[in-house]
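If you want the building blocks of each chain, they are given just below.
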Amino acid sequence: MSTRSTEASDDEPVRTGRRRWFIITLAAIAVLVACVAGLWWAITAASSAGDVAVDKRETLALKTRWQASYDAILPIAKDFASTTGPTLDSAAYRSRVAAARLVVDAISDAPLTLRGNRDLRDSTLSGASEVLDGMEALLQAASKNDTSAVDAAAGTIDQGTTTLKDAGAALDAKIAARGWR
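Residues numbered from 1 in each chain as written. Predicted model: local features only at pLDDT ≥ 70, side-chain atom pairs only at ≥ 80, totals over all residues. Heavy atoms only, no water.

Chemist: Just to check I follow, could you spell out the overall build of the protein chain for this structure?
Modeler: Along the protein chain, the regular secondary structure elements total four helices and zero strands. Secondary structure elements of the protein chain occur, N-terminal to C-terminal, as α-α-α-α. Nonlocal contacts in the protein chain, meaning residues at least 24 apart in sequence, comprise 76% of its contacts between residues at least 6 apart. For the protein chain, the computed accessible surface area is about 11500 Å², with 62% contributed by carbon and sulfur atoms. (Helix = DSSP H or I, 4+ residues; strand = E, 2+ residues; numbered from the N terminus. Contact = heavy atoms within 4.5 Å. Areas by Shrake-Rupley, 256 points an atom, 1.4 Å probe, with all protein chains shown as cover.)

Right under this line is the structure:
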């Protein structure tokens with residue numbers, strides 16, 4: 001019997017040592033996981049704060065360019081719509097459309113890094129370019145008295161105007177949703 005009590009006492013320190021080692025290992029793993037999670041959270045928070053600043057800067061710059069293109073196109077469209085008959089000065093309108101195209105082309109110069117902003121830029125550029133293309137086609141058709149071409153050009157202008165206005169509305173909605181005004 002004395003052998004058994006000696007074995008039991010020898011086995012007990014081994015179990016306690018293993019248990020202590022297991023607890024220390026678990027604690028070390030928990031600390032490591034907490035450190036990694038904290039580092040990940042800090043990096044994510046820092047990068048998303050940077051993304052918000054970039055998004056704001058890009059969106060507001062894009063809105064400014066959208067407004068400039070809209071302001072360049074609208075007076076031409078209004079003047080053209082109010083002009084009738086032989087009083088149409090085709091050369092003057094072509095010159096105004098060319099000047100507006102420079103403003104519209106400047107939209108593509110906006111440095112954008114975020115995908116959503118690039119999509120808004122492309123939509124704005126597409127709509128404004130379509131309006132200007134329609135205006136040029138309308139001038140061409142009007143000079144030839146081609147009624148079917150005039151109707152097609154008017155349809156192109158309407159479609160471009162809708163795309164341009166939708167892009168502006170999307171920009172306004174994004175700016176308002178984020179409280180950037």
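Chemist: Looking at this model, I keep getting lost on helix α4 (residues 147–178). Mind explaining?
Modeler: An α-helical turn contains 3.6 residues, so any two residues separated by three or four positions project in the same direction. Compared with an ideal rise of 1.5 Å per residue, which puts 32 residues at 46 Å, α4 spans 47 Å between its outermost C-alpha atoms and is within 8% of the ideal. Turning to α4, its buried residues number three or more, namely Ala-153, Ile-157, Gly-160, Leu-164, Ala-167, Gly-168, Leu-171, Lys-174 and Ile-175. Backbone geometry just after α4 places Gly-179 at a positive phi near 70°. (Expected span 1.5 Å × (residues − 1). Buried < 20%, exposed > 50% of the residue type's maximum accessible area, 1.4 Å probe, protein only.)

Chemist: Help me understand the side chain of Arg-101, please; the structure alone is not making it clear to me.
Modeler: When you line up the elements, Arg-101 lands in helix α2 (residues 90–105). Given the relative accessible area of 18%, Arg-101 is considered buried. Separated by 3.4 Å, the side chains of Arg-101 and Glu-136 make a polar contact. Setting aside its immediate chain neighbours within four residues, Arg-101 contacts Ser-129, Leu-132, Asp-133 and Glu-136. (Polar contact = N/O pair within 3.5 Å; in protein donor to acceptor, adjacent residues only side chain to side chain.)

Chemist: Help me understand the nonpolar core, please; the structure alone is not making it clear to me.
Modeler: Across soluble globular proteins, you tend to see nonpolar side chains buried next to one another. Leu-62, Ile-73, Ile-76, Val-104, Leu-132 and Met-135 are the most contacted members of the largest nonpolar core, which totals 23 residues. Put simply, the parts of the chain that give this core at least two residues each are α1 (2–82), α2, α3 (115–144) and α4. (Core = buried A, V, L, I, M, F, W, Y, C linked by side-chain atoms within 4.5 Å.)

Chemist: Help me understand a nonpolar patch on the surface in this model?
Modeler: A cluster of nonpolar side chains, contributed by Trp-21, Phe-22, Ile-23 and Leu-26, occupies part of the molecular surface with about 470 Å² of accessible area. Of note, Leu-26 is situated in helix α1. Owing to a relative accessible area of 44%, Leu-26 belongs among the partly exposed residues under this scheme. (Patch = residues over 30% accessible without salt bridge, like charges linked within 9 Å, V, L, I, M, F, W, Y side chains within 5 Å. Salt bridge = Lys/Arg side-chain N within 4 Å of Asp/Glu carboxyl O.)

Chemist: Please explain the packing of α3 against α4 as it appears in this structure.
Modeler: To describe two helices that pack against each other, one gives the angle between their axes and the distance between the axes. The contact between α3 and α4 brings their axes to 7 Å, and the two run at 155°. Looking at the two axes, α3 sits roughly antiparallel to α4. Here α3 runs over α4; the crossing is left-handed. A class-by-class count of the residues in the contact of α3 with α4 yields 16 nonpolar, ten polar and two charged. (Axes fitted to C-alpha atoms, helices over the stretch in contact; angles between N-to-C directions. Parallel < 35°, antiparallel > 145°, perpendicular 65-115°, else oblique. Left-handed = near helix turned anticlockwise from the far one by under 90°. Nonpolar A, V, L, I, M, F, W, Y, C, P; charged D, E, K, R; others polar.)

Chemist: What should I look at first to understand the packing of aromatic side chains in this one?
Modeler: Two aromatic rings are characterised by how far apart their centres lie and by the angle between their planes. Inspection of the entire model under this criterion finds one aromatic pair. Taking 5.1 Å as the distance between ring centres and 10° as the angle between the ring planes, the aromatic pair formed by Trp-66 and Tyr-70 counts as stacked. Of the two residues, Trp-66 and Tyr-70 are both situated in helix α1; the distance of four residues between them amounts to about one turn of the helix. On the basis of relative accessibility, which here comes to 8%, the residue Trp-66 falls in the buried class. (Phe/Tyr/Trp six-rings, centres within 6.5 Å; stacked < 30°, edge-to-face > 60°.)

Chemist: In this structure, what is going on with α2? I would like to understand it.
Modeler: Given a rise of 1.5 Å per residue, 16 residues ought to cover 22 Å, and the 22 Å separating the end C-alpha atoms of α2 matches this to within 8%. Turning to α2, its buried residues are Tyr-93, Val-97, Ala-100, Arg-101 and Val-104. Projected onto a plane normal to the axis of α2, the buried residues spread over an arc of 110° and lie on a single side. Those residues of α2 that are exposed and aimed more than 90 degrees away from the buried face are Ala-91 and Leu-102. (Arc of directions from axis to C-beta.)

Chemist: Looking at this model, I keep getting lost on unusual backbone geometry. Mind explaining?
Modeler: Positive phi is not limited to glycine here, since Asn-145 has a value of about 55°. Mapped onto the fold, Asn-145 is located in the loop between α3 and α4. In this structure Asn-145 comes out as exposed when scored by relative accessible area, which is 69%.

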